[in-house]
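Each chain is listed here by its residues.
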Amino acid sequence: MNRVAVTGMGMIDALGANPNECFDAMLDTNYTNPPAFYNSRLERHRQQPVFPVDKDKLVLPELRPAVIKNLEPATLFALHTVEQALKQSGVEHSDNVAVIGSNVTSGNHVVFDLYPILHSETGRARPRQLLTTTKDFMAGYICQHYGYKGPNTSMYAACATSLFSIDYAMRFVDDYDYVVCTVSDQGVNDTDVGFFKQLGAIGSHSVPFDDSRDGFIMGEGAGTFILESEEKAKARGADIIAYLYPAGFGSDGTSPTAPDPDGAGAKLSMKHALKNNAIGSYISFVNAHGTSTPVGDEVEYNAIKEVLGNVPIVSNKSKIGHTMGACGIIEAMYTIKSLQTGKIPNNHNISKCSFDTQGMITNKDRTITGTMALNNSFGFGGKCASQLIQVEKSTDNY
């Protein structure tokens, strides 16, 4: 599979409602602690820090109020980013379009309301609301709204869902005019916060790679890429934002939650991404999965050091939290903005990383001149994915 052109992108997360706004806030060296989950329906969660999306910033296509009321928040996030990406790409509307739309947390924010109804004798839940909670609803709804007739489906690979989705979406660019790839998650809800608390994965502060890390902080957001074959994009004179290479994959296969202590899956995914695509190119930095968990961060650091040597590492999760399945596509956009501008954001909120013997986590001299970076996403069950991202040249004009 050849590299694929990105001609449009849209995003929303805790820092902003578009790629430029988000990146500028990520570059800002000031750090604001995340707010507490004050609107939790459970008292025990109300002091838990979270990174929510500012829903007042959503810019949606024209939809009836009743439709908006029934749609999952993650679907609304996705629609916001699809609109952005389509506008930036300048593609002409076509029905010959494929859609890959994935969502790990679908339905989880309404289980308090829906499950008691489904388990009651009457069982009278709203059918439309029930349908919106299925994993593949978002992909189908995007097709319905925009009139796309190509394939639509979703992927599920825990927190590596984005890179699995992107890699799968890339396989359709030759047969369709373009591909819409979107991943969206609304993890700031009682079900997901409670689930990961029970597993001991949720922490008290977001400090990837810091010695004081004690777990990740839940975030939410979405990202959308408009993907085209390089040939089609150039033929129509598109402004190509970046190129994506086929992802590399690996599997730990050792634990349902923890990574292999030796980072077997992480090393495999990075090696496969580099072996198949790098052509000897210099990797400017790694956008790490870096979730702020006691075990995962050090394992990933050592795996990166073994595969790539001394290379700068950044984790965007310090400022946006863990956006679940959407983290990979959101962080791919931060990677693209870094390559475009030559600036790597700081590893915010970090004071000491005792295992960083090579200075790879340091916040000093966070500038780059190269055009390629590696994006990592790792998920429960040993699902490991890495992807090379390339821009034609660095520029401050973005």
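Residues numbered from 1 in each chain as written. Predicted model: local features only at pLDDT ≥ 70, side-chain atom pairs only at ≥ 80, totals over all residues. Heavy atoms only, no water.

Visitor: Looking at this model, I keep getting lost on the nonpolar core. Mind explaining?
Guide: Here is a general trend for soluble globular proteins: nonpolar side chains tend to be buried in one another's company. Within the largest apolar cluster, 42 residues are counted, with the highest numbers of intra-cluster contacts made by I166, F225, L227, L244, I329, Y334 and I336. At 7 residues, the largest contribution of residues to this core is made by helix α13 (residues 327-341). Every residue in contact with I166, bar those within four places of it in the chain, is listed here: C181, F225, L227, L244, I329 and Q387. Core analysis: the second largest hydrophobic core is formed by 29 residues, L63, L71, A78 and C143 among them. (Core = buried A, V, L, I, M, F, W, Y, C linked by side-chain atoms within 4.5 Å. Buried < 20%, exposed > 50% of the residue type's maximum accessible area, 1.4 Å probe, protein only. Helix = DSSP H or I, 4+ residues; strand = E, 2+ residues; numbered from the N terminus. Contact = heavy atoms within 4.5 Å.)

Visitor: Would you take a moment to explain the pattern of salt bridges for this structure?
Guide: Once the charged atoms of two side chains with opposite charge are near each other, the side chains can pair. Here the structure, examined in full by the defined rule, presents 12 salt bridges. A salt bridge links D167 to R171; its shortest N-O distance comes to 2.6 Å. Connected through salt bridges with shared partners, the residues R3, E230 and K234 form a single ionic network. (Salt bridge = Lys/Arg side-chain N within 4 Å of Asp/Glu carboxyl O.)

Visitor: Looking at this structure, I do not really get helix α6 (residues 137-146). What am I missing?
Guide: Each full turn of the α-helix corresponds to 3.6 residues, which orients residues three or four apart in the same direction. Most of α6 is tucked away: 8 of the 10 residues are buried. Every buried residue of α6 is accounted for by F137, M138, A139, G140, Y141, I142, C143 and Y146. Following α6 by one or two positions, G147 has its phi on the positive side, about 75°.

Visitor: Which parts of the structure should I look at to understand the side chain of K319?
Guide: Within the secondary structure, K319 sits in helix α12 (residues 317-320). Here K319 is buried and forms no salt bridge, its nearest opposite-charge partner D28 lying at an N-O distance of 5.0 Å. Setting aside residues up to four positions removed in sequence, K319 forms contacts with L15, A25, M26, D28, N30, Y31, F51 and H348. (Lys, Arg positive; Asp, Glu negative; His and termini not counted.)

Visitor: Help me understand the pairing of strand β4 (residues 178-186), please; the structure alone is not making it clear to me.
Guide: Each regular strand shows side chains that alternate between the opposite faces of the sheet. Most of β4 sits inside the fold, with 9 of its 9 residues counted as buried. Alternating residues of β4 divide into Y178, V180, T182, S184 and Q186 and V179, C181, V183 and D185, and every residue in both groups is buried. Two elements, strand β2 (residues 97-102) and β4, share 6 bridges in a ladder whose sense is parallel. Of the residues in β4, the one forming a bridge with S102 is V183. As defined by bridge partners, β4 adjoins strand β5 (residues 220-229) across 8 bridges and the pair is classed as antiparallel. Bridge pairing links Q186 to E220 in β5. (Pairing = 2+ DSSP bridges.)

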